[in-house]
Amino acid sequence: MKILIVEDEQKTGDYLKQGLSEAGFVADLVRDGVDGRHLALTDDYDLVVLDVMLPGLDGWQVLREIRQAGRHMPVLFLTARDQVEDRVKGLELGADDYLVKPFAFSELLARVRTLLRRGKSKEPELLQVADLDLDLLRRRVTRAGKRIDLTAKEFALLELLLRRQGEVLPRSLIASQVWDMNFDSDTNVIEVAMRRLRAKIDDDFEPKLIRTVRGMGYVLEIPEAA
Ligand code: CA
(Lines give C-alpha, C1' and ligand atoms only; values in the text may rest on other atoms or scores of the structure.)
Protein backbone atom coordinates (compact mmCIF):
# COMPACT_ATOMS: atom_id res chain seq x y z
CA MET A 1 0.00 0.00 0.00
CA LYS A 2 1.38 3.32 -1.08
CA ILE A 3 0.65 6.59 0.70
CA LEU A 4 1.41 10.15 -0.32
CA ILE A 5 2.02 12.67 2.47
CA VAL A 6 1.74 16.35 1.59
CA GLU A 7 2.89 18.31 4.61
CA ASP A 8 5.11 21.39 4.76
CA GLU A 9 5.93 21.29 8.48
CA GLN A 10 9.26 19.59 8.66
CA LYS A 11 8.74 17.75 11.93
CA THR A 12 5.20 16.57 11.24
CA GLY A 13 6.12 15.44 7.74
CA ASP A 14 9.17 13.47 8.86
CA TYR A 15 7.25 11.93 11.73
CA LEU A 16 4.41 10.82 9.46
CA LYS A 17 6.75 9.38 6.87
CA GLN A 18 8.73 7.47 9.45
CA GLY A 19 5.64 6.23 11.29
CA LEU A 20 3.84 5.08 8.18
CA SER A 21 6.97 3.40 6.84
CA GLU A 22 7.41 1.55 10.12
CA ALA A 23 3.78 0.49 9.92
CA GLY A 24 4.57 -1.21 6.62
CA PHE A 25 3.42 1.34 4.06
CA VAL A 26 5.40 2.80 1.22
CA ALA A 27 5.27 6.48 2.17
CA ASP A 28 6.33 9.38 -0.05
CA LEU A 29 6.62 12.85 1.45
CA VAL A 30 6.42 16.15 -0.40
CA ARG A 31 6.39 19.57 1.23
CA ASP A 32 4.28 21.77 -1.00
CA GLY A 33 0.99 21.72 -2.86
CA VAL A 34 2.42 21.82 -6.36
CA ASP A 35 4.52 18.69 -5.85
CA GLY A 36 1.62 17.09 -4.02
CA ARG A 37 -0.73 17.67 -6.93
CA HIS A 38 1.84 16.43 -9.40
CA LEU A 39 2.44 13.15 -7.61
CA ALA A 40 -1.23 12.59 -6.77
CA LEU A 41 -2.14 12.97 -10.44
CA THR A 42 0.71 11.05 -12.00
CA ASP A 43 1.60 8.30 -9.55
CA ASP A 44 -0.59 5.57 -8.17
CA TYR A 45 -1.38 6.08 -4.48
CA ASP A 46 -3.82 4.18 -2.34
CA LEU A 47 -4.30 7.13 -0.02
CA VAL A 48 -3.23 10.75 0.40
CA VAL A 49 -2.58 12.49 3.73
CA LEU A 50 -3.06 16.14 2.88
CA ASP A 51 -2.31 19.19 4.99
CA VAL A 52 -4.63 22.17 4.39
CA MET A 53 -2.19 25.06 4.76
CA LEU A 54 0.56 24.51 2.23
CA PRO A 55 2.87 26.71 0.20
CA GLY A 56 2.21 26.82 -3.54
CA LEU A 57 -1.28 25.38 -3.67
CA ASP A 58 -3.35 24.85 -0.55
CA GLY A 59 -4.78 21.47 0.33
CA TRP A 60 -8.23 22.41 -0.91
CA GLN A 61 -6.98 23.24 -4.36
CA VAL A 62 -4.94 20.06 -4.47
CA LEU A 63 -7.98 18.02 -3.43
CA ARG A 64 -10.23 19.74 -5.95
CA GLU A 65 -7.83 18.96 -8.76
CA ILE A 66 -7.40 15.36 -7.67
CA ARG A 67 -11.17 14.85 -7.78
CA GLN A 68 -11.63 16.78 -11.00
CA ALA A 69 -9.08 14.52 -12.62
CA GLY A 70 -11.34 11.61 -11.69
CA ARG A 71 -9.07 10.17 -9.00
CA HIS A 72 -10.98 8.73 -6.08
CA MET A 73 -8.33 7.46 -3.71
CA PRO A 74 -9.20 8.28 -0.09
CA VAL A 75 -7.89 11.61 1.17
CA LEU A 76 -7.30 12.30 4.85
CA PHE A 77 -7.14 16.00 5.61
CA LEU A 78 -4.96 17.50 8.32
CA THR A 79 -6.33 20.78 9.63
CA ALA A 80 -4.64 23.08 12.09
CA ARG A 81 -7.81 24.42 13.60
CA ASP A 82 -10.95 22.63 14.53
CA GLN A 83 -13.16 24.90 12.50
CA VAL A 84 -16.43 23.59 11.30
CA GLU A 85 -16.24 25.52 8.01
CA ASP A 86 -12.85 24.02 7.25
CA ARG A 87 -14.11 20.53 7.82
CA VAL A 88 -17.29 21.08 5.83
CA LYS A 89 -15.32 22.58 2.98
CA GLY A 90 -12.90 19.67 2.95
CA LEU A 91 -15.64 17.08 3.02
CA GLU A 92 -17.61 18.87 0.32
CA LEU A 93 -14.58 18.89 -1.92
CA GLY A 94 -14.32 15.15 -1.52
CA ALA A 95 -12.08 14.55 1.47
CA ASP A 96 -12.91 11.28 3.19
CA ASP A 97 -11.86 12.14 6.70
CA TYR A 98 -9.93 14.78 8.62
CA LEU A 99 -7.74 15.02 11.69
CA VAL A 100 -7.17 18.12 13.77
CA LYS A 101 -3.58 18.89 14.73
CA PRO A 102 -2.02 18.01 17.03
CA PHE A 103 -3.00 14.35 16.83
CA ALA A 104 -1.57 11.11 18.13
CA PHE A 105 0.11 8.97 15.48
CA SER A 106 -1.93 5.96 16.63
CA GLU A 107 -5.09 7.86 15.76
CA LEU A 108 -3.81 8.74 12.31
CA LEU A 109 -2.84 5.15 11.72
CA ALA A 110 -6.30 3.94 12.74
CA ARG A 111 -7.96 6.40 10.35
CA VAL A 112 -5.62 5.44 7.53
CA ARG A 113 -6.40 1.75 8.00
CA THR A 114 -10.14 2.39 8.09
CA LEU A 115 -10.02 4.47 4.92
CA LEU A 116 -7.95 1.88 3.10
CA ARG A 117 -10.40 -0.84 4.08
CA ARG A 118 -13.28 1.28 2.85
CA GLY A 119 -11.43 1.91 -0.40
CA LYS A 120 -12.56 3.94 -3.32
CA SER A 121 -16.25 3.82 -2.66
CA LYS A 122 -16.97 7.50 -2.49
CA GLU A 123 -19.37 9.02 -5.00
CA PRO A 124 -17.89 11.89 -6.92
CA GLU A 125 -19.38 15.18 -5.85
CA LEU A 126 -18.30 17.11 -8.87
CA LEU A 127 -19.16 16.03 -12.39
CA GLN A 128 -17.11 17.63 -15.07
CA VAL A 129 -16.52 17.77 -18.77
CA ALA A 130 -14.36 20.34 -20.60
CA ASP A 131 -14.97 23.62 -18.74
CA LEU A 132 -18.41 22.60 -17.49
CA ASP A 133 -18.72 21.77 -13.77
CA LEU A 134 -21.73 20.38 -11.99
CA ASP A 135 -21.45 20.45 -8.21
CA LEU A 136 -23.83 17.87 -6.79
CA LEU A 137 -23.68 19.10 -3.21
CA ARG A 138 -24.14 22.76 -3.88
CA ARG A 139 -26.49 22.10 -6.79
CA ARG A 140 -24.47 24.52 -8.84
CA VAL A 141 -23.43 24.56 -12.47
CA THR A 142 -20.70 26.66 -14.03
CA ARG A 143 -19.27 26.84 -17.50
CA ALA A 144 -15.93 28.58 -18.07
CA GLY A 145 -16.28 29.78 -14.48
CA LYS A 146 -19.64 31.47 -15.15
CA ARG A 147 -22.57 30.50 -12.98
CA ILE A 148 -25.51 29.03 -14.92
CA ASP A 149 -28.98 28.91 -13.39
CA LEU A 150 -30.91 25.77 -14.16
CA THR A 151 -34.34 24.58 -13.15
CA ALA A 152 -34.54 21.38 -11.12
CA LYS A 153 -35.42 19.35 -14.24
CA GLU A 154 -32.65 20.90 -16.30
CA PHE A 155 -30.22 20.12 -13.50
CA ALA A 156 -31.38 16.51 -13.33
CA LEU A 157 -31.12 16.22 -17.10
CA LEU A 158 -27.60 17.61 -17.15
CA GLU A 159 -26.59 15.35 -14.25
CA LEU A 160 -27.79 12.30 -16.16
CA LEU A 161 -25.97 13.35 -19.33
CA LEU A 162 -22.78 13.99 -17.38
CA ARG A 163 -22.92 10.72 -15.48
CA ARG A 164 -23.20 8.88 -18.76
CA GLN A 165 -20.89 10.99 -20.88
CA GLY A 166 -20.28 9.66 -24.34
CA GLU A 167 -23.33 7.38 -24.27
CA VAL A 168 -26.26 8.06 -26.55
CA LEU A 169 -29.25 8.26 -24.22
CA PRO A 170 -32.60 7.40 -25.78
CA ARG A 171 -35.54 9.67 -25.03
CA SER A 172 -37.31 6.80 -23.29
CA LEU A 173 -34.44 6.46 -20.82
CA ILE A 174 -34.31 10.19 -20.21
CA ALA A 175 -38.08 10.22 -19.68
CA SER A 176 -37.93 7.47 -17.09
CA GLN A 177 -34.86 8.81 -15.26
CA VAL A 178 -35.64 12.49 -15.16
CA TRP A 179 -39.42 12.72 -15.44
CA ASP A 180 -40.39 9.39 -14.04
CA MET A 181 -42.54 8.93 -17.14
CA ASN A 182 -42.97 5.71 -19.04
CA PHE A 183 -41.90 4.94 -22.58
CA ASP A 184 -45.13 6.00 -24.25
CA SER A 185 -45.20 9.47 -22.77
CA ASP A 186 -45.06 12.54 -24.90
CA THR A 187 -41.38 13.18 -25.60
CA ASN A 188 -42.03 16.78 -26.54
CA VAL A 189 -41.41 17.67 -22.91
CA ILE A 190 -37.89 16.29 -23.22
CA GLU A 191 -37.19 18.14 -26.44
CA VAL A 192 -38.31 21.43 -24.94
CA ALA A 193 -36.23 20.93 -21.79
CA MET A 194 -33.23 19.82 -23.82
CA ARG A 195 -33.49 22.91 -26.02
CA ARG A 196 -33.54 25.15 -22.94
CA LEU A 197 -30.62 23.32 -21.38
CA ARG A 198 -28.56 23.61 -24.55
CA ALA A 199 -29.36 27.30 -24.82
CA LYS A 200 -27.95 27.77 -21.32
CA ILE A 201 -24.85 25.60 -21.41
CA ASP A 202 -23.89 25.52 -25.10
CA ASP A 203 -25.16 28.60 -26.97
CA ASP A 204 -22.58 31.03 -25.65
CA PHE A 205 -19.71 28.57 -25.34
CA GLU A 206 -17.39 26.37 -27.36
CA PRO A 207 -17.18 23.49 -27.86
CA LYS A 208 -20.85 22.47 -28.02
CA LEU A 209 -21.20 19.53 -25.64
CA ILE A 210 -24.72 18.21 -26.19
CA ARG A 211 -25.54 16.65 -29.51
CA THR A 212 -28.74 15.18 -30.95
CA VAL A 213 -28.28 11.78 -32.50
CA ARG A 214 -31.07 11.57 -35.03
CA GLY A 215 -33.57 8.86 -34.31
CA MET A 216 -31.66 7.73 -31.22
CA GLY A 217 -31.43 10.36 -28.54
CA TYR A 218 -28.89 12.69 -27.02
CA VAL A 219 -25.26 12.49 -26.06
CA LEU A 220 -22.99 14.75 -24.05
CA GLU A 221 -19.33 14.61 -24.98
CA ILE A 222 -16.40 16.71 -26.10
CA PRO A 223 -16.70 16.67 -29.88
CA GLU A 224 -13.77 15.19 -31.76
CA ALA A 225 -11.73 17.79 -33.58
CA ALA A 226 -12.98 18.16 -37.14
CA1 CA B 1 0.96 23.40 6.87
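Residues numbered from 1 in each chain as written. Predicted model: local features only at pLDDT ≥ 70, side-chain atom pairs only at ≥ 80, totals over all residues. Heavy atoms only, no water.

1. Observations regarding the nonpolar core
Next, step 1: Residues Leu158, Ile174 and Leu197 are the most contacted members of the largest nonpolar core, which totals 29 residues.
Next, step 2: The leading source of residues in this core is helix 6 (residues 152-163), at six residues.
Next, step 3: Those residues in contact with Ile174 that lie beyond four places of it in its chain are Leu157, Leu160, Leu169, Trp179, Ile190, Met194 and Tyr218. (Core = buried A, V, L, I, M, F, W, Y, C linked by side-chain atoms within 4.5 Å. Buried < 20%, exposed > 50% of the residue type's maximum accessible area, 1.4 Å probe, protein only. Helix = DSSP H or I, 4+ residues; strand = E, 2+ residues; numbered from the N terminus. Contact = heavy atoms within 4.5 Å.)

2. What about the sheet that holds strand 5 (residues 97-100)?
Next, step 1: Here we have five strands laid out as an open sheet, ordered 2-1-3-4-5, and parallel in their pairing. This sheet does not close on itself; its edge strands, each paired only once, are strand 2 (26-30) and strand 5. Taking each pair of neighbouring strands and ignoring which way they run, the sheet shows an average axis angle of 20 degrees.
Next, step 2: Relative to strand 3 (residues 47-51), strand 1 (residues 2-6) runs parallel, the two being bridged by four bridges. Its bridge partner being in strand 3, Ile5 is matched across the sheet by Val49. (Pairing = 2+ DSSP bridges. Axes fitted to C-alpha atoms, helices over the stretch in contact; angles between N-to-C directions.)

3. A few points about the pairing of strand 5
For a regular strand, side-chain orientation follows a simple rule: the groups alternate between the two sheet faces.
Next, step 1: Burial of strand 5 is one-sided: the residues Asp97 and Leu99 facing one way are buried, the residues Tyr98 and Val100 facing the other way are not.
Next, step 2: Where strand 4 (residues 75-79) meets strand 5, four bridges bridge the pair, whose relative direction is parallel. Of the residues in strand 5, the one forming a bridge with Thr79 is Val100.

4. Considerations on helix 8 (residues 188-201)
Next, step 1: Helix length check: helix 8, at 14 residues, gives a terminal C-alpha distance of 20 Å against a target of 20 Å (1.5 Å per residue), a fit within 8%.
Next, step 2: Those residues of helix 8 that sit buried are Ile190, Ala193, Met194, Leu197 and Ile201. End-on view of helix 8: buried residues confined to an arc of 100 degrees, all on one side of the axis. Opposite the packed face of helix 8, turned more than 90 degrees from it, sit the exposed residues Arg195 and Arg196. (Expected span 1.5 Å × (residues − 1). Arc of directions from axis to C-beta.)

5. Observations concerning the sheet that holds strand 8 (residues 140-143)
Next, step 1: The sheet built from four strands is open, its strands ordered 6-7-8-9 with antiparallel pairing. Of all strands in the sheet, those bounded by a partner on one side alone are strand 6 (126-129) and strand 9 (146-148). Ignoring strand direction, the axes of neighbouring strands in this sheet form an average angle of 25 degrees.
Next, step 2: Strand direction decides the pairing type here: strand 6 and strand 7 (residues 132-135), joined by four bridges, are antiparallel. By the bridge assignment, Leu127 is partnered in strand 7 with Leu134.

6. Let's talk about the coordination of the calcium ion
Next, step 1: Summarising the metal site, the calcium ion is bound by the protein donors Asp8 (OD), Asp51 (OD) and Met53 (O), whose distances to it range over 2.1 to 2.3 Å.
Next, step 2: In the primary structure, the donors to the calcium ion are separated according to the pattern D-x42-D-x1-M. A residue pair is termed long-range when its members are at least 10 positions apart, and Asp8 in the loop between strand 1 and helix 1 (10-22) and Asp51 in strand 3 qualify at 43 residues. (Donors = N, O, S within 2.8 Å, 3.2 Å for Na, K, Ca; no water.)

7. A short note on the pattern of salt bridges
Next, step 1: Using the criterion set out here, one finds 18 salt bridges in the structure.
Next, step 2: Between Lys101 and Glu9 there is a salt bridge whose closest N-O contact spans 3.0 Å. Highlighted residues: Lys101 in the loop between strand 5 and helix 5 (105-118) and Glu9 in the loop between strand 1 and helix 1, separated in sequence by 92 residues.
Next, step 3: Relative accessible area serves as the criterion here: at 14%, Lys101 is assigned to the buried category.
Next, step 4: The exposure class of Glu9 is partly exposed, given its relative accessible area of 36%.
Next, step 5: For Arg164, the salt bridge goes to Glu167, with nearest N and O atoms at 2.9 Å.
Next, step 6: Among the charged side chains, a network of salt bridges with common partners joins Glu7, Glu9, Asp51 and Lys101. (Salt bridge = Lys/Arg side-chain N within 4 Å of Asp/Glu carboxyl O.)

8. Looking at the confidence of the model for the chain
Next, step 1: Considering every residue of the chain, the mean pLDDT works out to 89; 94% of them sit at 70 or more.
Next, step 2: Strand 1 holds the highest mean pLDDT among the elements of the chain, 97, whereas helix 4 (residues 84-92) holds the lowest, 75. (pLDDT = per-residue confidence, 0-100.)

9. Considering empty space enclosed by the protein
Next, step 1: Under the criterion given, the structure shown has three cavities of 30 Å³ or more.
Next, step 2: Approximately 100 Å³ is the volume attributed to the largest cavity.
Next, step 3: In this structure, the largest cavity is lined by Arg64, Arg67, Glu92, Leu93, Gly94, Glu125, Leu126, Asp135 and Arg138.
Next, step 4: Its residues placed into classes, the lining of the largest cavity shows two nonpolar, one polar and six charged.
Next, step 5: Summarising the domain contributions, the lining of the largest cavity has at least three residues from each of domain 1 (2-121) and domain 2 (126-220). (1 Å grid on protein atoms, 1.4 Å probe; cavity = no way out; pocket = protein on both sides within 12 Å on 5 of 7 lines; lining within 4 Å. Points joined across faces, edges and corners; volume = space filled by probe spheres on them. Nonpolar A, V, L, I, M, F, W, Y, C, P; charged D, E, K, R; others polar. Domains from an automatic or database assignment.)

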